[in-house]
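Coordinate analysis (summary)
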Amino acid sequence: MTFEAVNSAPADAILGLTEAYEQDQNPKKINLGAGVYKDDQGNTPILDCVRAAERVMLEQETTKAYLPIGGSPIYARLAQELLFGEQHPIIASGRARTVHTPGGTAALRVGADFLHQALPKARIWISEPTWANHRGVFEAAGFGVHTYTYYDAANKVLDFERMRSDLLRIPGDDVVLLHVCCHNPTGVDPSHEQWQEIATIARRQRWMPFLDFAYQGFGSGLEQDRAPLALFLANGAELVVSSSFSKNFGLYQERAGALTLVTGSTDVAEAVLSQVKRIIRVNYSNPPAHGGQVVETVLRDAALRKQWESEVTQMRERIKAMRAALVEGLRKRKVAGDFSFISRQKGMFSYSGLTDTQVRFLREQKSVYMVTGGRMNVAGITTGNIAYLCDAMAEALAL
């Protein structure tokens, strides 16, 4: 056997876009493709609370020994408290188990592997559109992947009636992936009332909710963003949550995430945890320690936690301000159409309403890089590039 028959895999769309951006010599170039937070200088910053935590860790660290398969129990407890609130009955009941994973993507994959093992006939349903890697993760785990309606492109809003209709048709043996907040790629989230109805449908249909929670704090606030979770937890409901500290701690390199499984009883929770650990053991054996220790250090120290919450607020408000500046800049340039919907979206991502032709024009003629379909990372907009971006978009919209 040789490797000569192996064909090249298609390039990752977003990573390929970043490579093209890096090679672009235009000093005015703007990268709105990569899904990372940027500050107003265009840098992905290290949070001050993270630097402070790392100083503490450097002074106090005594070992580089492996973590347990599921990670630190303290990390697991703190992750649950962020998801549900410190006093939530789910934590006291012992119905939930959490493992530390290498980022939110690994949480999705470990959860997918477990669910496919536990529910071998189940299909997974993802929103149309969704984060491009969702399909690949679940297909790699062995799932048949189907979609439910989510976005109304013509009106730039959630297509809730069609979404509701689709969710009502999903049978109880299946799994439904839902974005808890800051939907990627649209930036459009259900209202509280719509979340209540989705949770009611989940209980009525008895399908398994798999909640992807990658952006806690980037929508409306740390507590507000987790509100949908509570709606799914009534009456002993079971669910799966993948969460990430990449965005709200800026720990992109450290790959600190968590997989949380809520079960019907403590005994079931222990059985589930044992199977999840088996999956981890034959995959990456145990998680990397550094990012998890940063999270623990910050969340266990009152002053550092307060500082972290303030920095999350600053990141969220900067993104919100850039949304407003983009809408106002386009209005002043008298472009065709109303772009106020961008201000109503949440999180880093926006479905801009630009066509693929306009996206291509921006990339080739203006060195403004965004993903096909018009998805842009609003965090890539700064006070230094907003005028150029608005001029470029106005020109593209006039095509």
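Read on for a plain summary of the structure. (Residues numbered from 1 in each chain as written. Predicted model: local features only at pLDDT ≥ 70, side-chain atom pairs only at ≥ 80, totals over all residues. Heavy atoms only, no water.)

All right, on to the overall build of the protein then. A count of helices and strands for the protein gives 16 helices and 13 strands. For 399 residues, the compact-globule formula gives about 21 Å, and the C-alpha radius of gyration of the protein, at 21 Å, lands near that figure. Projected onto its principal axes, the C-alpha coordinates of the protein cover approximately 60 × 55 × 55 Å. When the 399 residues of the protein are sorted by exposure, 54% land in the buried category. Partitioning the intrachain contacts of the protein with sequence separation of at least 6 by distance along the chain shows that 75% fall at a separation of at least 24. Seen as two clouds, the 43 positive and the 43 negative side-chain charges of the protein have centres 2 Å apart. (Helix = DSSP H or I, 4+ residues; strand = E, 2+ residues; numbered from the N terminus. Rg over C-alpha atoms; globule rule 2.2 N^0.38 Å. Buried < 20%, exposed > 50% of the residue type's maximum accessible area, 1.4 Å probe, protein only. Contact = heavy atoms within 4.5 Å. Lys, Arg positive; Asp, Glu negative; His and termini not counted. Charge placed at Lys NZ, Arg CZ, Asp CG, Glu CD.)

Under the defined criterion, the tally for this structure stands at 15 salt bridges. Note that E81 is salt-bridged to R77, the shortest N-O span being 3.1 Å. Of this pair, E81 and R77 both sit in helix α3 (residues 73-84), four residues apart, which is roughly one turn of the helix. Judged by relative accessible area, R77 falls into the partly exposed class, the value being 39%. (Salt bridge = Lys/Arg side-chain N within 4 Å of Asp/Glu carboxyl O.)

Attention shifts here to helix α12 (residues 290-300). With eight of its 11 residues buried, α12 lies for the most part within the structure. When α12 is considered as a whole, its buried residues turn out to be G291, G292, V294, V295, E296, T297, V298 and L299.

Buried residues of helix α15 (residues 356-366): Q358, V359, F361, L362 and K366, and no others. Looking down the long axis of α15, one finds its buried residues gathered within 160° of arc, a one-sided arrangement. Those residues of α15 that are buried lie in contact with β12 (368-369) and α16 (386-397). Following α15 by one or two positions, S367 adopts a phi angle in the positive range, close to 60°. (Arc of directions from axis to C-beta.)

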